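# Descriptive structure summary
Listed here are the chains, written in short residue letters.
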Amino acid sequence: MLRDITLGQYFPGDTVIHRLDPRTKLIMVMVYLVALFSAGTALTLGMMAVFLGTIICVSKTKLCLLVRGLRPLAIILVFTGTLNIFLTPGEPIFRVWILTATYEGLRHALVLLARIGMMVMGTFILTYTTSPMNLTDGLEMLLGPLKRIRVPVHELAMIMNMALRFVPTLLAEADKIMSAQKARGADFESGNILRRGQAMIPLLIPLFMSAFRRADELAIAMESRCYHGGEGRTRMRQLRLGLRDALAGLVGALLLTAIIGLGVLGL
Amino acid sequence: MSPILQTKTLTHTYSLGTPFEQAALRGVDFHVEPGELLGIIGHTGSGKSTLMQHLNGLIKPTEGQVYFDGTDIHESKETTRSVRAQVGLVFQYPEYQLFEETVYRDIAFGPKNMGLGGAEVDIRVREAAALVGLTTEQLDKSPFALSGGQKRRAAIAGVMAMRPRVLILDEPTAGLDPRGRDEIIGNIKAFHRETGAAVVLVSHSMEEIARTVSRVVVMSGGQIVMNGTGRSIFAQGAELHAMGLAVPEVTQIVMRLRTLGIDLPCDIFTVEQAAQAILTRAGGDTDAS
Ligand SMILES: Nc1ncnc2c1ncn2[C@@H]1O[C@H](COP(=O)(O)OP(=O)(O)OP(=O)(O)O)[C@@H](O)[C@H]1O
Ligand SMILES: [Mg+2]
């Protein structure tokens, strides 16, 4: 059950998308997000969907994994969708009690669902196809200029790298502790909110203990390898931009121009 | 006697339908007799822990069934819950599950979840603590103030206190020094002797298995490849070696002696047996001292 959370999980592969420079991918995701939120019509959203579909095919990402990633968001999506349908003023479709569903509301809700869904899927593809190491390397280099104004970019990237690295580990650990407590008759699934909250104590205390223990061990391991932050550190793997990155950039620029252009034309 | 626990063509695949698919069990037919002391050995990743978690319904089989006392344990939610109380499972490194303020309350967690009353819980906690050699004084301490070995024994007592009819222990001696190991094995034997429950002991150590159990099951690649008494298993040294398992050191020495032409039985697996056999062979005094 906890394993369903796929956030920050990397699925190794050897497609063009996997091989793109992480910096290119990060910029592409930003371009994609800007385009997504500029797209508001059926035509432009359709174009975005086609683009996303192409990326999914090229990167050979399994659709069921993307859907599974969306599942935790389902409640929020349904909730905001419903709110939109009923609370947007406009031409009525039907009435429930004092609430009126409107065409404008329905349109809003659909656009919202499409945007959030595609946003989440797009960012998932980034983490599915980029190893955490590459991702933070890319981020660190993109944010490099901020070092001038004393932002500890390297340290932040390192923290993020570790956080991503430990998400699956801690989830596995939580799963194991949960099983162990279930074997002692603990019940995590029934009862009201208060009882369920109490039932989490036998899970949370050992989990925190283990997280602290791991943090301690990691800190010692890093210190004994003389790690002292970013200053003067060189890289074993240098990132290099290539032809594919240029092509990807071109595609991104075209997409963004097309979407914004169509938006200006009101299509 | 009919087996208390039985699996039929049990198959389990982790992460089914993702790129990380991993078959951990392939058609396992396994059973536990009431009151027996059974040992399970196998190389890392052979599926021992996965099999153990099926036995009390923590994992659902991908294919096949698990029967407790003749009923399918996944028949209904209530069945699964009641089986959890009767098939006690001690995980690897159980000390990492301790969470209560005192050792006493941690041991009481299981019995309380079974819905027992305060007096009955108290009896069981004290009984389990005595079995693993924890003093009354230690019961009032925080579990985090105990030593590694004591923590482990407290965690094992937490499962023993549920008075399961089958007690499964997944590598209960991993990472302990020889004395800590002997103490835990002693506790487990005491539990077996005094409650008459069946005990399943998973271990990497051949010596430990040889010295403790009456029947041995060998797992490899998600399947059961050998099943029999310690003697019959350890006599197949070459096959065990091929699976990456080492025969007890004494047995190895005896085998070497045999190849050197010294006529000794090939089913020796404790130092005492070896001493006895060598003395008998030498025709000397059999009273080894
Ligand atoms: N939660 C899990 N998710 C995915 N795969 C798993 C999981 N647990 C175990 N496996 C895989 O299943 C196989 C069997 O694992 P299992 O833990 O049962 O082996 P084991 O015999 O207990 O090993 P060890 O002696 O190291 O404890 C291994 O290949 C392992 O990688
Ligand atoms: Mg194991």
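Residues numbered from 1 in each chain as written. Chains lettered and ligands numbered in written order. Predicted model: local features only at pLDDT ≥ 70, side-chain atom pairs only at ≥ 80, totals over all residues.

## Details of the overall build of chain A
- In terms of helices and strands, chain A carries 11 helices and two strands.
- For chain A, the succession of helices and strands along the chain, N to C, is α-α-α-α-α-β-β-α-α-α-α-α-α.
- Sorting the 267 residues of chain A into buried and exposed places 20% on the buried side. (Helix = DSSP H or I, 4+ residues; strand = E, 2+ residues; numbered from the N terminus. Buried ≥ 20, exposed ≤ 12 C-beta atoms within 10 Å, placed from the backbone.)

## A short note on the overall build of chain B
- For chain B, the helix and strand inventory stands at 12 helices and 10 strands.
- The C-alpha atoms of chain B give a radius of gyration of 21 Å, which matches the 19 Å a tight globule of 289 residues would have.
- Taking the principal axes of the C-alpha coordinates as reference, chain B spans close to 65 × 50 × 40 Å.
- Put simply, chain B has 289 residues, and 42% of those count as buried.
- Here the analysis covers contacts within chain B between residues at least 6 apart in sequence; of these, 64% occur between residues at least 24 apart. (Rg over C-alpha atoms; globule rule 2.2 N^0.38 Å. Contact = placed C-beta atoms within 7 Å.)

## A word on the sheet that holds strand 5 (residues 71-72) of chain B
- If you trace the four strands from one edge of the open sheet to the other, you get 2-1-4-5 (chain B), paired in antiparallel fashion. Each of the sheet's edge strands pairs with one partner strand only, and the pair in question is strand 2 (22-32) and strand 5 of chain B. (Pairing = 2+ DSSP bridges.)

## What to know about the site of ligand 1
Residues and elements named next belong to chain B.
- Close to ligand 1 lie Tyr 14, Ser 15, Gln 22, Ala 24, Gly 42, Thr 44, Gly 45, Ser 46, Gly 47, Lys 48, Ser 49 and Thr 50.
- Where the shell around ligand 1 is concerned, the elements lending two or more residues are strand 2 and helix 1 (48-55).
- Here the shell around ligand 1 gets three residues from one element, more than from any other, and that element is helix 1.
- Split into classes, the residues belonging to the shell around ligand 1 amount to two nonpolar, nine polar and one charged. (Near = placed C-beta within 6 Å. Nonpolar A, V, L, I, M, F, W, Y, C, P; charged D, E, K, R; others polar.)

## Concerning the environment of Phe 166 of chain A
Residue and element names in this part refer to chain A.
- Position of Phe 166 among the secondary structure elements: in helix 8 (residues 153-183).
- Taking the number of C-beta atoms within 10 Å as the measure of exposure, Phe 166 has 17 and is therefore partly exposed.
- Separated by 49 residues in the primary sequence, Phe 166 and Ala 215 place their C-alpha atoms 9.9 Å from one another.

## Describing helix 6 (residues 103-129) of chain A
- An ideal rise of 1.5 Å per residue puts 39 Å on 27 residues; helix 6 of chain A measures up with 39 Å between its terminal C-alpha atoms.
- Along helix 6 of chain A, the positions that sit buried rather than exposed are Gly 105, His 108, Ala 109, Met 121, Gly 122, Phe 124, Ile 125, Tyr 128 and Thr 129 of chain A. (Expected span 1.5 Å × (residues − 1).)

## Focus on the pairing of strand 2 (residues 99-102) of chain A
Residue and element names in this part refer to chain A.
- In the sheet, strand 1 (residues 92-96) pairs with strand 2 via four bridges, with the strands oriented antiparallel. For Pro 92, the partnering residue across the bridge sits in strand 2 and is Thr 102.
- In this structure, the hairpin formed by strand 1 and strand 2 is closed by a connection of two residues, where Trp 97 is found at a positive phi of approximately 55°.

## Describing the packing of helix 3 (residues 42-58) of chain A against helix 6 of chain A
Residue and element names in this part refer to chain A.
- At a minimum axis distance of 11 Å, the contact between helix 3 and helix 6 shows a crossing angle of 25°. Regarding the angle of helix 3 to helix 6, the classification is roughly parallel. In the packing of helix 3 onto helix 6, the handedness of the crossing is left-handed. On helix 6, the residues that touch Leu 45, Met 48, Ala 49, Leu 52, Ile 55 and Ile 56 of helix 3 are Val 111, Ala 114, Met 118, Met 121, Gly 122 and Ile 125. (Axes fitted to C-alpha atoms, helices over the stretch in contact; angles between N-to-C directions. Parallel < 35°, antiparallel > 145°, perpendicular 65-115°, else oblique. Left-handed = near helix turned anticlockwise from the far one by under 90°.)

## Some details on the sheet that holds strand 3 (residues 37-42) of chain B
All names here are of chain B.
- Spatial ordering of the open sheet is given by 6-7-8-3-9-10, a layout of six strands whose pairing is mixed. The open sheet terminates on both sides in strands that have one partner only, identified here as strand 6 (87-90) and strand 10 (223-228). Recorded for the sheet is a direction-independent mean angle of 20° between the axes of neighbouring strands.
- Alignment of strand 6 against strand 7 (residues 166-170), held across four bridges, turns out to be parallel. For Val 90, the partnering residue across the bridge sits in strand 7 and is Leu 169.
- The strands that helix 7 (residues 178-195) touches are strand 3, strand 7 and strand 8 (198-202); relative to strand 8, the one it contacts most, it runs at about 160°.

## Quick look at the confidence of the model for chain A
- Chain-level statistics for chain A give a pLDDT mean of 85 and a share of 97% at 70 or above.
- Mean pLDDT values for the elements of chain A range from 76 in strand 1 of chain A up to 92 in helix 10 (residues 201-223) of chain A. (pLDDT = per-residue confidence, 0-100.)

## Focus: the interface of chain A and chain B
- Listed by partner, the interface residues are 18 residues for chain A and 21 residues for chain B.
- Mapped onto the side of chain A that touches chain B, the elements with two or more residues apiece are helix 4 (63-70), helix 8 and helix 10 of chain A.
- Tallying contributions element by element places helix 8 of chain A first for the side of chain A that touches chain B, with seven residues.
- A breakdown of the residues in the side of chain A that touches chain B according to their chemical character gives 11 nonpolar, four polar and three charged.

## Focus on the domain arrangement of chain B
All names here are of chain B.
- You can read the domains of chain B as domain 1 (5-96 + 164-245) and domain 2 (248-284).
- Put simply, the middle of domain 1 and the middle of domain 2, counted by C-alpha atoms, are 30 Å apart.
- Counting residues at the interface gives nine residues for domain 1, matched by seven residues for domain 2.
- Of all the elements in the fold, those that place two or more residues in the side of domain 1 that touches domain 2 are helix 8 (206-212) and helix 9 (230-234).
- Per-class residue counts for the side of domain 1 that touches domain 2 are four nonpolar, two polar and three charged. (Domains from an automatic or database assignment.)

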